[in-house]
Amino acid sequence: MPAQQKALLLKSKKGQFVIEDISVYKPGADQLLIRIESTGLNPADWKIAEYGLFREEYPAILGFDAAGVVEEVAEGVQGFAKGDRVLFQAGRDNSASAFQQYALAEAHLTARLPSKVTFDQAASIPSGLNTAALGLFTHNITLDGADLYPPWREGGRGKYAGKPIMIFGGSSCVGQFTIQVAKLSGFSPIITTASPRNADMLKALGATHVLDRNLSSNALPEEIAKITSQPLEIVYDAISIPSTQNAAYDVTAPDGFLVLVHSEAIDASKKASHPEKNVIVHIGASGRGYEKGDRIWRTLTELLEEGAIKPMRVEVLPGGLAGVLKGLELLKNEQVSAAKLVVHPQETA
Ligand SMILES: NC(=O)c1ccc[n+]([C@@H]2O[C@H](COP(=O)([O-])OP(=O)(O)OC[C@H]3O[C@@H](n4cnc5c(N)ncnc54)[C@H](OP(=O)(O)O)[C@@H]3O)[C@@H](O)[C@H]2O)c1
């Protein structure tokens, strides 16, 4: 094991990214030391850097999604061995983040990779899948999730057969995993919005109907009414900009649940006229409500092996960790469609 590694440091709040040498960590209780082979990029990475969100200690290391090889297993950790290929939810703090060559993974947020899934594919999964799962299946007392019964628990597969679900932004990372867990839960029809060019790919994941994301707010309910006459009790807005939130609120059934992934921006007058709709703001792929949502990690290896959960299409950026800067620019300019950008930290010069 090397004593030093390369990491991409955000030097100060709203500051610059710089690649520097830092020490390799020692795993503590429930932890694994991972040599990161592939790191996935998220819109949250550029938002944290540009707006100074979430992190208070600098320099900060960002990056939420990673896959690699177990180098060291802390004493007492069960189920993992040196050399295992794994994916894990990164991003809690510097030592656990993915924009570096080695990181500490929490064993209960880590899963072994079936041989058919590459490191690049695996790096597309953790945050998107966690956000989808936590938004739908976390208990709603904290207004963190819609409190559905998860498909990875006994009797959960197909439990919502015959119930419709509407997912705004199906081709986003969060949207693709929401479609897949909705399919496992048996929802039907699974209606989503996206650019028409992505329709076939989303149908292959489980969407039954793909509506053009540019339909007007008047045309959208008309198109939904042609597909189902049932009320939409579960609506997931994987984009959660003001326009999608308002459109999503309109189509949510009275007493239904609308799951958002950003702070609420629904018109006050709209809410006042339909106050009975439940709006859930789910923030943080590894935040509140985790005890229930993390159960997916115990079955993720089997779900991947079975093909019940499929990774995203990936685009690999050159230059190791230096490639993150180009990737964050592409995400910020909305130049990424239905794909996860990944970098290879070990290729950092
Ligand atoms: N709360 C949380 O814990 C949490 C966790 C993860 C992400 N997020 C947030 O969730 C959002 C999505 O993240 P992500 O990583 O999934 O994004 P992403 O994969 O980078 O999203 C890109 C996709 O968004 C789609 N899109 C953009 N605007 C749309 C619209 N108005 N209607 C429908 N689709 C639209 C595009 O679809 P087409 O290419 O088909 O046009 C594109 O494929 C981000 O704002 C992110 O910050 C929140």
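Residues numbered from 1 in each chain as written. Predicted model: local features only at pLDDT ≥ 70, side-chain atom pairs only at ≥ 80, totals over all residues. Heavy atoms only, no water.

In the annotation of an unreviewed UniProt entry, the chain is listed under the name GroES-like protein and assigned to Obba rivulosa.

Peer 1: Quick question: what am I supposed to make of the overall build of the chain here?
Peer 2: Helix and strand counts for the chain stand at 11 helices and 15 strands. Across its three principal axes, the chain shows a C-alpha extent of roughly 60 × 45 × 35 Å. Buried residues in the chain amount to 56% of all 349 residues. The contacts of the chain with a sequence gap of at least 6 include a subset with a gap of at least 24, amounting to 66%. With the model as given, the accessible surface of the chain reaches about 14500 Å², and the carbon-plus-sulfur share is 51%. Within the chain, the 39 negative side-chain charges are centred at a point lying 2 Å from the centre of the 34 positive side-chain charges. (Helix = DSSP H or I, 4+ residues; strand = E, 2+ residues; numbered from the N terminus. Buried < 20%, exposed > 50% of the residue type's maximum accessible area, 1.4 Å probe, protein only. Contact = heavy atoms within 4.5 Å. Areas by Shrake-Rupley, 256 points an atom, 1.4 Å probe, with all protein chains shown as cover. Lys, Arg positive; Asp, Glu negative; His and termini not counted. Charge placed at Lys NZ, Arg CZ, Asp CG, Glu CD.)

Peer 1: What exactly am I supposed to notice about the environment of Leu325 here?
Peer 2: Topologically, Leu325 is positioned in helix α11 (residues 323–332). In sequence terms Leu325 and Val24 are 301 residues apart; their C-alpha atoms lie 23 Å from each other.

Peer 1: Looking at this structure, how should I read the site of the ligand?
Peer 2: In the neighbourhood of the ligand, 29 residues make up the surrounding shell, with Ser171, Ser195, His262, His282 and Ser337 lying closest. One of the backbone nitrogen or oxygen atoms of Ala338 is found 3.0 Å away from an oxygen atom of the ligand. In isolation the ligand offers 940 Å² of accessible surface; the protein chains occlude 87% of this area. Elements represented by at least two residues in the shell around the ligand include exactly α1 (43–51), α4 (173–185) and β9 (190–194). Split by residue class, the shell around the ligand holds 13 nonpolar, 13 polar and three charged. For the shell around the ligand, the domains that each give at least three residues are domain 1 (4–125 + 311–347) and domain 2 (128–281). (Near = heavy atom within 4 Å. Polar contact = N/O pair within 3.5 Å; in protein donor to acceptor, adjacent residues only side chain to side chain. Nonpolar A, V, L, I, M, F, W, Y, C, P; charged D, E, K, R; others polar. Domains from an automatic or database assignment.)

Peer 1: Could you clarify how one ought to interpret α1 in this entry?
Peer 2: Considered for burial, the residues of α1 that qualify are Asp45, Trp46, Ile48 and Ala49. Down the axis of α1, the smallest arc covering the buried residues is 160 degrees, so these residues share one side. At the exit of α1 stands Gly52, carrying a positive phi of roughly 70 degrees. (Arc of directions from axis to C-beta.)

Peer 1: Hey, could you run me through unusual backbone geometry in this one?
Peer 2: The amide bond that connects Tyr58 to the next residue, Pro59, takes the cis arrangement and shows omega of 0 degrees. Topologically, Pro59 is positioned in the loop between α1 and β4 (65–73). In this model, Ser188 is joined to Pro189 through a cis peptide bond whose omega is -5 degrees. Topologically, Pro189 is positioned in the loop between α4 and β9. We note that Ser240 has phi near 60 degrees; this positive angle belongs to a residue other than glycine.

Peer 1: In this structure, what is going on with the domain arrangement of the chain? I would like to understand it.
Peer 2: As a measure of interface size, the accessible area lost when the parts come together is often cited. Under the domain assignment used here, the chain contains domain 1 (4–125 + 311–347) and domain 2 (128–281). The centre of domain 1, based on its C-alpha atoms, is set 28 Å off from the matching centre of domain 2. Note on domain 1 versus domain 2: buried area summed over both sides is about 800 Å², and carbon and sulfur give 48% of it. Put simply, domain 1 and domain 2 have zero salt bridges between them. Joining domain 1 to domain 2, the criterion identifies six residue pairs in polar contact (both at pLDDT 80 or more). (Buried area = accessible area lost by both parts, 1.4 Å probe. Salt bridge = Lys/Arg side-chain N within 4 Å of Asp/Glu carboxyl O.)

Peer 1: Is there a simple way to explain the packing of α1 against α11 in this structure?
Peer 2: To describe two helices that pack against each other, one gives the angle between their axes and the distance between the axes. Viewed as axis vectors pointing N to C, α1 and α11 meet at an angle of 95 degrees, and their least axial separation amounts to 9 Å. Considering the angle they form, α1 stands roughly perpendicular to α11. Every residue of α11 that contacts α1 at Pro43, Asp45, Trp46 and Glu50 is listed here: Leu328, Leu331 and Lys332. Of the residues that constitute the contact of α1 with α11, the class distribution is four nonpolar, no polar and three charged. (Axes fitted to C-alpha atoms, helices over the stretch in contact; angles between N-to-C directions. Parallel < 35°, antiparallel > 145°, perpendicular 65-115°, else oblique.)

Peer 1: How should a nonpolar patch on the surface be read in this particular structure?
Peer 2: A cluster of nonpolar side chains, Tyr51, Leu53, Phe54 and Ile283, forms an exposed patch at the surface whose accessible area comes to about 390 Å². Here Phe54 is to be found in the loop between α1 and β4. Classification of Phe54 as exposed rests on a relative accessible area of 61%. (Patch = residues over 30% accessible without salt bridge, like charges linked within 9 Å, V, L, I, M, F, W, Y side chains within 5 Å.)

Peer 1: Explain the layout of surface pockets here, please?
Peer 2: Left-over empty space is what a probe sized like a water molecule reveals as it rolls over the atoms. There is about 260 Å³ of room inside the second largest pocket. Considering the residues around the second largest pocket, the lining is formed by Leu10, Lys14, Gly15, Gln16, Phe17, Trp46, Ala49, Glu50, Leu325, Leu328, Glu329 and Lys332. Those elements giving two or more residues to the lining of the second largest pocket turn out to be α1 and α11. Take the lining of the second largest pocket: its biggest share by element is four residues, from α11. For the lining of the second largest pocket, a count of residues per class yields six nonpolar, two polar and four charged. (1 Å grid on protein atoms, 1.4 Å probe; cavity = no way out; pocket = protein on both sides within 12 Å on 5 of 7 lines; lining within 4 Å. Points joined across faces, edges and corners; volume = space filled by probe spheres on them.)

Peer 1: What is the right way to read the pattern of salt bridges from this model?
Peer 2: Side-chain pairs of opposite charge can arise where the charged atoms are in close proximity. Evaluation of the coordinates by the stated rule reveals 15 salt bridges. Among the salt bridges present, the one from Lys6 reaches Asp21, with a minimum N-O distance of 2.9 Å. Of the two residues, Lys6 is situated in strand β1 (residues 4–10) and Asp21 in strand β2 (residues 17–23); the sequence distance between them amounts to 15 residues. Judged by relative accessible area, which is 23%, Lys6 ranks as partly exposed. Across the salt bridge formed by Arg35 and Glu37, the nearest N and O atoms sit 2.7 Å from each other. On the accessibility criterion, Arg35 (26% relative accessible area) is partly exposed. Because the salt bridges share partners, they merge into one network encompassing Arg92, Asp93 and Glu106.

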